Amino acid sequence: MKAEYSRYLLEFKRPSGTSRGVLLEKETFILKISENGKEGTGECAIFRGLSFDDRPDYEGKLKWLCENIQQETEFLKEELKEFPSIWFGYEQAVLNLKNGENLYFPSDFTEGKNPIVINGLIWMGDINYMEEQIQDKLEKGFHCIKLKIGVDWKSEHDILQKLRQKFSKDRLELRVDANGGFNKEEAKVVLQQLADLHIHSIEQPIKAGNWNDISELCLETPTPIALDEELIGITDFNEKRKLLETVNPQYIILKPALVGGFSGSDEWISLAESMNIGWWITSALESNIGLNAIAQYTFTKKSPMPQGLGTGALFVNNFDSNLDLKGELLWFKN
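What counts, and at which threshold
- Residues numbered from 1 in each chain as written.
- Predicted model: local features only at pLDDT ≥ 70, side-chain atom pairs only at ≥ 80, totals over all residues.
- Heavy atoms only, no water.
- Buried < 20%, exposed > 50% of the residue type's maximum accessible area, 1.4 Å probe, protein only.
- Helix = DSSP H or I, 4+ residues; strand = E, 2+ residues; numbered from the N terminus.
- Pairing = 2+ DSSP bridges.
- UniProt positions renumbered as here; feature names shortened; annotations may be inferred.
- Polar contact = N/O pair within 3.5 Å; in protein donor to acceptor, adjacent residues only side chain to side chain.
- Contact = heavy atoms within 4.5 Å.
- Phe/Tyr/Trp six-rings, centres within 6.5 Å; stacked < 30°, edge-to-face > 60°.

- Per an unreviewed UniProt entry, the recorded name for the chain is o-succinylbenzoate synthase, and the organism is Candidatus Chryseobacterium massiliense.

Laid out in structure tokens, this is it:
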């Protein structure tokens, strides 16, 4: 068995705004494993500024993996536990080596029989740009829309009010993602304003790492809270349990590239379900390679909720894809 990697820079079609700033490009690494004339491809989808493994020795660890690719899986997993995006790429490459073509988790989804329902993501920008995106998603038939908030709450609140005036909660599910954009006292006000508009949930209202504050908010909130960044960097199973028991959120959001790949996501899901905590899966600006693998994995988890999967359409230089979005339904083209 041999392995090699290459760095790849994805370029956005237009600058994409989040509460952390505007993104112009997205760095990623492609891992290839070959054995007996076959090849498997995975994406080590680091997210600079957010990933737990955004550190100076990242590429050094990738080189180490390629040099030690013959080692046992459990040994590699232990060595890579602080590099979740590299482990994520390794899992993909091994699965692809086994299943061939563009397959990671063969299922009715990859046979083109069943789709995945996804939410429509609205990127931050000026009011006109956000309303333009919303109109586009509504015209395409989305029943669940997620808006990034936390930069200009007054304007963002106005947009949500207008949407709710047009569409009842039964016609349009609205989710918001604050990316830690509020402090605790601000969040208390925002949570009530969101409840008045029948918002489905808010992701990460305050910055990650404040377990006591987020626990207090989750206990009293009139709007369901979903943990997102809060999960990043927690690799120990017992520590994961401790977080969920301490905070007791209404939902958790799983980004496989940031939480230890598919095996890491499986751990979070098993814990959440044992505590009656809801969950869904979200992509994190992967290329079509990682996105394809996440979509295939997501289908096998059988969640009835709209999932937060991207479509690969943000980048001008993405890889070819088998994924095909029709309205809010994500299909796999054979």
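1. Let's talk about the pairing of strand β13 (residues 329-332)
Okay, so step 1: Of the two faces of β13, only one is covered, namely that formed by L330 and F332; the face formed by L329 and W331 stays uncovered.
Okay, so step 2: Pairing of strand β4 (residues 116-117) with β13 involves two bridges; the strand directions are antiparallel. Bridge assignment links V117 to a residue of β13, and that residue is L329.
Okay, so step 3: For strand β12 (residues 323-326) and β13, the ladder comprises four bridges, and the chain directions are antiparallel. Within β13, the residue paired with L323 across the bridge is F332.

2. As for the UniProt feature "domain: Mandelate racemase/muconate lactonizing enzyme C-terminal" (unreviewed entry) in the chain
Okay, so step 1: According to UniProt, the positions carrying the feature "domain: Mandelate racemase/muconate lactonizing enzyme C-terminal" (unreviewed entry) are residues 127-224.
Okay, so step 2: Annotated as residues 127-224, this span is 51% helix and 13% strand, and its ends, taken at the C-alpha atoms, are 26 Å apart.

3. What about the side chain of N96?
Okay, so step 1: Note on placement: N96 falls in helix α3 (residues 84-99).
Okay, so step 2: Reaching out from N96, the side chain makes a polar contact with the backbone nitrogen of T41 at a distance of 2.9 Å.
Okay, so step 3: Separated by 3.0 Å, the side chain of N96 and the backbone oxygen of E101 make a polar contact.
Okay, so step 4: In this view, N96 contacts E39, G40, T41, E101, N102, L103 and Y104; residues no more than four positions away in its chain are not counted.

4. Observations regarding the packing of aromatic side chains
Okay, so step 1: Evaluated as defined, the whole model comprises 15 aromatic pairs.
Okay, so step 2: Ring geometry for Y58 versus F83: centroids 6.4 Å apart, planes at 50 degrees, classification tilted. Highlighted residues: Y58 in helix α1 (residues 58-67) and F83 in the loop between α2 (73-79) and α3, separated in sequence by 25 residues. No difference in accessibility class separates Y58 from F83, as the two residues are buried.

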